[in-house]
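# An overview of the molecular structure
Here are the chains, one letter per residue:
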Amino acid sequence: MSSHLIRDVFQDPLVEGEVPYAVLTPEGWTSDETLPLILFLHAANSSSDFLAMVQSIADGAWANGSLPRSVIASASTPTTGGFYIDRAGNGWESLIATAFPRLLEKQYGADLTRVSLMGSSMGGYGALKIAFAEPSRWLAVAAVAPALLPVLTPEEVRARNTLDVLARLSSEMADEGGGFAANSVLHRLRGNADAVRASGLPIFLRCGDADVFAMQDGTEQLHRALWDLDIGHEYHLVHGADHLGPEAISALRAALAFIGAAQRRAAGEDRTAADRELEAAWRDWAAGGRQGDPPKLDAFGVSASVALRAMLEPELAEAVRRDPTTARRYGILPD
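Presented here is an overview of the structure given in this document. (Residues numbered from 1 in each chain as written. Predicted model: local features only at pLDDT ≥ 70, side-chain atom pairs only at ≥ 80, totals over all residues. Heavy atoms only, no water.)

### A word on the nonpolar core
Our working definition: Put simply, a nonpolar core is a bunch of buried Ala, Val, Leu, Ile, Met, Phe, Trp, Tyr and Cys residues held in one set by side-chain atoms that sit within 4.5 Å of each other. Categorising residues by exposure relies on relative accessible area from a 1.4 Å probe, with only protein chains included: less than 20% of the type maximum marks a residue as buried, more than 50% marks it as exposed, and the intermediate range marks it as partly exposed.
Formed by 90 residues in total, the largest nonpolar core has its most connected members in F100, L104, L128, I203 and L222. Residues L278, W285, A307 and A310 belong to the second largest nonpolar core, which totals seven residues.

### Description of the pairing of strand β7 (residues 111-120)
Strand residues, when the strand is regular, have side chains that alternate between the two faces of the sheet. The following threshold applies: Comment: elements are numbered from the N terminus, with helices defined as DSSP H or I runs of at least four residues and strands as E runs of at least two. The pairing criterion for strands is at least two bridges between them, as found by DSSP. If the strands point away from the viewer and the path from the first strand over the helix to the second runs clockwise, then the crossover is right-handed.
Most of β7 is tucked away, with seven of its 10 residues classed as buried. Bridge analysis of strand β3 (residues 36-41) against β7 gives six bridges, and the strand direction is parallel. Its bridge partner lying in β7, L39 is registered against L117. With five bridges connecting them, β7 and strand β8 (residues 140-144) associate as parallel partners. Bridge pairing links S116 to A140 in β8. Considered for its hand, the β-α-β crossover made up of β7, helix α3 (residues 122-133) and β8 is right-handed.

### Here we look at the packing of aromatic side chains
The following threshold applies: Planes of paired rings set the category: under 30 degrees apart is stacked, over 60 is edge-to-face and the rest tilted, where pairs are Phe, Tyr or Trp rings (Trp by its six-membered ring) whose centres lie within 6.5 Å.
Here the structure, examined in full by the defined rule, presents eight aromatic pairs. With 5.2 Å between their ring centres and 40° between their planes, F204 and F258 make a pair best called tilted. Here F258 lies in helix α9 (residues 246-266) and F204 lies in strand β9 (residues 203-208), a separation of 54 residues in the sequence. Like F258, F204 is buried. Relative to Y330, the ring of W227 lies with its centre 4.6 Å away and its plane at 15°, an arrangement referred to as stacked. In this pair, W227 sits in helix α8 (residues 215-228) while Y330 sits in the segment after α12 (313-322), placing the two residues 103 residues apart along the sequence.

### Thoughts on a nonpolar patch on the surface
Heads up, the rule is: To count toward a patch, a residue needs a relative accessible area above 30% and no salt bridge. Like charges then connect within 9 Å, nonpolar side chains (Val, Leu, Ile, Met, Phe, Trp, Tyr) within 5 Å. Residue burial considers only the protein chains on display, and all accessible areas are found by Shrake-Rupley using a 1.4 Å probe. Salt bridges are identified by distance alone: a Lys or Arg side-chain nitrogen within 4 Å of an Asp or Glu carboxyl oxygen.
On the surface, L297, L308, M311, L312 and L316 cluster together to form a nonpolar patch covering roughly 390 Å² of accessible area. With respect to the helices, strands and loops of the structure, L312 is situated in the loop between α11 (304-311) and α12.

### Considering the sheet that holds β8
Rule in force here: Lines fitted to C-alpha atoms define the axes, with helix axes restricted to the stretch in contact, and inter-axis angles between N-to-C directions lie between 0 and 180 degrees. The contact rule is simple, with two residues in contact once any of their heavy atoms fall within 4.5 Å.
Taken together, eight strands build an open sheet; the order of strands is β1-β2-β4-β3-β7-β8-β9-β10 and the sheet is mixed. The two strands at the open ends of the sheet, each matched to only one other strand, are β1 (4-10) and β10 (234-238). Within the sheet, the average angular offset between the axes of one strand and its neighbour, ignoring direction, is 15°. With five bridges connecting them, β9 and β10 associate as parallel partners. The residue bridging R206 from the neighbouring strand is H236, located in β10. Relative to the sheet, α3 contacts β3, β7, β8 and β9, its axis offset from that of β7 by approximately 140°.

### Thoughts on the pattern of salt bridges
Scanning all chains against the criterion turns up 16 salt bridges. For R197, the salt bridge identified is with D194, shortest N-O distance 3.0 Å. Remark: D194 and R197 occur in helix α7 (residues 193-199); sequence separation between them is three residues, near one turn of the helix. Here D194 falls in the exposed class, since its relative accessible area comes to 58%. Note that R271 is salt-bridged to E279, the shortest N-O span being 2.8 Å. The exposure class assigned to R271 is partly exposed, which follows from its relative accessible area of 24%. For E279, a relative accessible area of 6% gives the class buried. What emerges from the salt-bridge pattern is a single network uniting R87, R168, E172 and E176.

So this is what it looks like as structure tokens:
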């Protein structure tokens, strides 16, 4: 492996005791290089050591160019008494959202203006919850098989959604840190929907449709809520895939690639100078009354979206006049 995995511990007043953590840096990294940060929130009954399992996947993403050079870090968070929930004496959500990134800025020079959140299972729950609290802080969020309970109140929780540690999660969401609604990803999204939408936060959801823990239920519910709230997101429901197995590797690769694409967009590296010139030409053609021959159409290039909208501009304007929902990203579907 060309990357470097470092293990250490730190202490912070937000939680009791030492917190083990792991940091993965790309080949050739030195403290003189400031890189974007990916906070990896591990699953239940796991620890920051899971980053060692992610190392080969990250190496592959760096090698094939799907992930730009980044610092990837994970802090060990307990399952029972943790769950990325803030509670008296142990503020695990706040630790991951604030104290841990500050430590990584100090120790590894991580750029806190370019921080993404990524998590699987319990970590997916934590990543989404943190992201929706302050959406403008994060460059992207990616959740794989997130532990989302598909209910609005704890009384509605069903047996299919509370296997193993999920029963404990349901209990702690209800009893700790302000109660169930305060700890619910869905409630947090709905309560902060305008800010999430305005931030343009790139959101990635992926889950197997045969997940033994029925994580597809809560993931689907969140997808539908994002759709109804007209908040852009990418959603993969993978046929026949379970919580573990080959899908776990495929999902982590897809999540890192999604974050990599968000990093490139933020850095302005998602298109070439020629792409920008072609986009400008299409905008100028539309602004000039669509006179003369249109610019070249690169049907498979990044400028194609601008070209399509320039060509359809009169029809789109009329559609908005007749049906204001045309201006939405997602349509309002019949029941």
